[in-house]
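Single-letter residue listing:
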Amino acid sequence: MSGQHFAPIFFERGKRGKHRLKFALRDLELAVILLALDMKKTIRDIDLRGKRALVRVDYNVPIDEATGKITDDSRIRETLPTLQYLLDAGAGIVLLTHFGRPKGQVVESLRVRFIASYLQDMIKRDVHYATHAVGLEADAQVRSVAPGQILLLENTRFYPGEEANDPAFAAALAAPGYDLYVNDAFGAAHRAHASTEGMARFIKAEGKPCVAGLLMARELEFLGQLLHNPARPFVAILGGVKVSDKIGVIRNLLPKVDTLLVGGAMAYAFESAMGRPVGTSYFKEADAPVAAELIELAREKGYDFRLPSDFLVADRDAADARVEHVPEGMIPLNMMGMDIGSETIASYSAIIERAKTVLWNGPMGRFEVKPFSRGTLEVAKAVARATDKGALTIIGGGDSAAAVKQMDLDDRMSHVSTGGGASLEFLEGQELPGVAVLDDKVS
Ligand code: ADP
Ligand code: MG
């Protein structure tokens, strides 16, 4: 649809000369985004009967270090519709995932056997496990997968070729011969690795389809709505600690949102850029110039960009710390900002509840420690109330998603993204390599 829709606009505007060309390019940019969204083929678009599918999933689940148990299984659970769809349609499934950071070598504690048994309990059918991802033994196991069967190959990151996107390793992954490649690993789609990108090229070169799984399609659809024609007012809430990672997102979102609310440790980069004291708050000097640039941009263009008007500060990062409530600009030298204050909670909540589209990425404070969880909890409640009133509400970011789940509010959000880094890069307007490689709907 976008190809037909956008080409005439481009032509018409392009005709009017240089001045208009800029707008035409923006349309083109939008067309590219749309292509990445609606235009990718999914498993619903192809014939699956009797086919053997390689399905790249992101089962890089968080583990409790003490017990070794999975603390949040949503990355597994959310692929079940894709797996069930493939099985019901008569396909056999070979799963591929990375897990942890073994850095290109075999680390016994990072074998994915336990994920195979976890999935087996969940999906209530046998899930076989291969102790290798490539090689003669793995290839034979793959070739024996019949329709209705599931095999999980070993951790892709045991091989140095994975993260290097080494063509030889990608070719080895594709070697057993697959009838199709399915990418359902949204959380890993921003990385051009052998299993997310390289091997898809080999499968494609054999004339076989490369398509999105249902989770991937849902992620692209929800996140895409933020970039393309969101219902207004569109409010973005950004917080957390990864300031430098998120500055690109702010830059891209500022012109698109009606209001941008900043909280979490991110706020101190902006406070500092404005010459206000940040005490011992989490803050990196290197972030200040970019923060200053964004403040200037917002001022110049009149964007509605808000910083907290008050903070909760503490003498240290601990549950029994001495806590004070201070207005902005008044953070004492020896104290650290740990949460947004009650005034900010009230003003942010009011803005959020009036929104028709909400994106939230990054907690408002150090929510894991009880005295500093209130800002995050209250903002989560406000977002939930916005959903109740009909807004489209999307949570991105691993810790934000964990916070919302911990507060049992995840069911009251329209969509909780499974991809932290991937959702950020997507919202920066970047094309994700693991998506780009998939077949377009109209070609
Ligand atoms: P996400 O994973 O949602 O993208 P980040 O990884 O950027 O979010 O940041 C999450 C972390 O930020 C949480 O562990 C939280 O404790 C921390 N955080 C938020 N505000 C503060 C603060 N004021 N001081 C220290 N840490 C903070
Ligand atoms: Mg995080």
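Just above, that's the structure.
Residues numbered from 1 in each chain as written. Chains lettered and ligands numbered in written order. Predicted model: local features only at pLDDT ≥ 70, side-chain atom pairs only at ≥ 80, totals over all residues. Heavy atoms only, no water.

Observations regarding the overall build of the protein chain
Helix and strand counts for the protein chain stand at 18 helices and 15 strands. In terms of overall dimensions, the protein chain has a C-alpha envelope of 65 × 65 × 40 Å along the principal axes. In the structure as shown, the protein chain presents an accessible area of about 19100 Å², 51% of it carried by carbon and sulfur atoms. Between the centroid of the 53 positive side chains of the protein chain and the centroid of its 58 negative side chains there is a distance of 4 Å. (Helix = DSSP H or I, 4+ residues; strand = E, 2+ residues; numbered from the N terminus. Areas by Shrake-Rupley, 256 points an atom, 1.4 Å probe, with all protein chains shown as cover. Lys, Arg positive; Asp, Glu negative; His and termini not counted. Charge placed at Lys NZ, Arg CZ, Asp CG, Glu CD.)

Overview of the pattern of salt bridges
Evaluation of the coordinates by the stated rule reveals 27 salt bridges. Across the pair Asp320 and Arg316 runs a salt bridge, and its minimum N-O distance is 3.0 Å. Using a relative accessible area of 59% as the deciding quantity, one classes Asp320 as exposed. In this structure, Arg322 engages Glu324 in a salt bridge whose closest nitrogen and oxygen atoms are separated by 2.8 Å. Relative accessible area serves as the criterion here: at 29%, Glu324 is assigned to the partly exposed category. Overlapping salt bridges, with partners in common, bring together Glu108, Arg111 and Glu154 in one network. (Salt bridge = Lys/Arg side-chain N within 4 Å of Asp/Glu carboxyl O. Buried < 20%, exposed > 50% of the residue type's maximum accessible area, 1.4 Å probe, protein only.)

Brief notes about unusual backbone geometry
Excluding glycine, residues mostly carry a negative phi; peptide bonds, for their part, are mostly trans. In this structure, Pro233 follows Arg232 across a cis peptide bond, with omega equal to 0 degrees. The residue Pro233 is located in the loop between helix H10 (214-227) and strand S7 (234-238) in this model. The phi torsion at Lys103 lies on the positive side, around 55 degrees, for a residue other than glycine. With respect to the helices, strands and loops of the structure, Lys103 is situated in the loop between strand S2 (92-96) and helix H5 (113-123). Although it is not a glycine, Asn165 sits at a positive phi angle of roughly 50 degrees. Mapped onto the elements, Asn165 comes out in the loop between helix H7 (160-164) and helix H8 (167-174).

What to know about the environment of Ala168
Within the fold, Ala168 resides in helix H8. Accessibility expressed as a relative area gives 52% for Ala168, which makes it exposed. In the structure, Ala168 is positioned 26 residues away from Ala194 in sequence and 9.1 Å away in space, judged by C-alpha atoms.

Thoughts on helix H6 (residues 136-143)
Two residues of an α-helix separated by three or four positions point the same way, owing to the 3.6 residues in each turn. Among the residues of H6, Ala138, Asp139 and Val142 are the ones counted as buried. When H6 is viewed along its axis, its buried side chains cluster within an angular range of 100 degrees and face the same direction. Summarising the contacts, the buried residues of H6 are in contact with strand S1 (52-56), S2, strand S4 (150-152) and H8. (Arc of directions from axis to C-beta. Contact = heavy atoms within 4.5 Å.)

Quick notes on the packing of aromatic side chains
For the structure on display, the rule yields 4 aromatic pairs. Ring plane angle 45 degrees and centroid distance 5.2 Å describe the contact between Tyr268 and Phe311, whose orientation is recorded as tilted. Of this pair, Tyr268 sits in helix H12 (residues 266-273) while Phe311 sits in strand S10 (residues 310-314), and the two are 43 residues apart along the sequence. Accessibility expressed as a relative area gives 1% for Phe311, which makes it buried. (Phe/Tyr/Trp six-rings, centres within 6.5 Å; stacked < 30°, edge-to-face > 60°.)

Let's talk about the sheet that holds strand S12 (residues 336-340)
Read from one edge to the other, the open sheet built from 3 strands follows the order S11-S10-S12, with strand pairing classed as antiparallel. Strands at the two margins of the open sheet, each flanked by one partner only, are strand S11 (323-327) and S12. Neighbour-to-neighbour, the strand axes of this sheet turn through a mean angle of 40 degrees, independent of strand direction. Looking at chain direction, S10 and S12 are connected through 4 bridges and run antiparallel. What sits directly across from Leu312, in S12, is Asp339. (Pairing = 2+ DSSP bridges. Axes fitted to C-alpha atoms, helices over the stretch in contact; angles between N-to-C directions.)

Digging into the nonpolar core
Counting 107 residues, the largest nonpolar core has Leu95, Leu153, Met199, Phe270 and Phe305 as the members making the most contacts within it. No other element matches H10, which puts 7 residues into this core. Non-local contacts of Phe305, meaning those with residues more than four positions away in its chain, are made with Ile250, Leu254, Leu260, Val262, Phe270, Ile295 and Ala298. Among the nonpolar cores identified, the runner-up in size contains 26 residues, and Ala355, Ala401, Met407 and Val416 belong to it. (Core = buried A, V, L, I, M, F, W, Y, C linked by side-chain atoms within 4.5 Å.)

A few points about the packing of helix H14 (residues 342-353) against helix H15 (residues 374-388)
Two numbers describe a pair of packed helices, the interaxial angle and the distance between the axes. Relative to each other, H14 and H15 sit at 15 degrees, their axes nearing to 9 Å. Taken together, the axes of H14 and H15 are roughly parallel relative to one another. H15 is crossed by H14, and the crossing has right-handed handedness. Together, Ser342, Ile345, Ser349, Ile352 and Glu353 of H14 and Arg374, Gly375, Glu378, Val379, Ala382, Val383, Arg385 and Ala386 of H15 make up the contact between the two elements. Partitioning the contact of H14 with H15 into residue classes produces 6 nonpolar, 3 polar and 4 charged. (Parallel < 35°, antiparallel > 145°, perpendicular 65-115°, else oblique. Left-handed = near helix turned anticlockwise from the far one by under 90°. Nonpolar A, V, L, I, M, F, W, Y, C, P; charged D, E, K, R; others polar.)

What about the site of ligand 1?
For ligand 1, the set of nearby residues contains 19 residues, the closest of which are Lys246, Gly337, Glu368, Asp399 and Ser400. Taking Ala265, its main chain carries an N or O atom lying 3.2 Å from a nitrogen atom of ligand 1. The contact in question runs from an oxygen atom of ligand 1 to an N or O atom on the side chain of Ser400, over 2.4 Å. Starting from 570 Å² of accessible surface for ligand 1 in isolation, the protein chains cover 92%. (Near = heavy atom within 4 Å. Polar contact = N/O pair within 3.5 Å; in protein donor to acceptor, adjacent residues only side chain to side chain.)

So, the environment of Phe311
In sequence terms Phe311 and Val326 are 15 residues apart; their C-alpha atoms lie 5.4 Å from each other. If we ignore the near neighbours within four places in the chain, the residues touching Phe311 are Ala267, Tyr268, Glu271, Glu324, His325, Val326, Glu328, Ile331, Asp339, Ile340 and Gly341.

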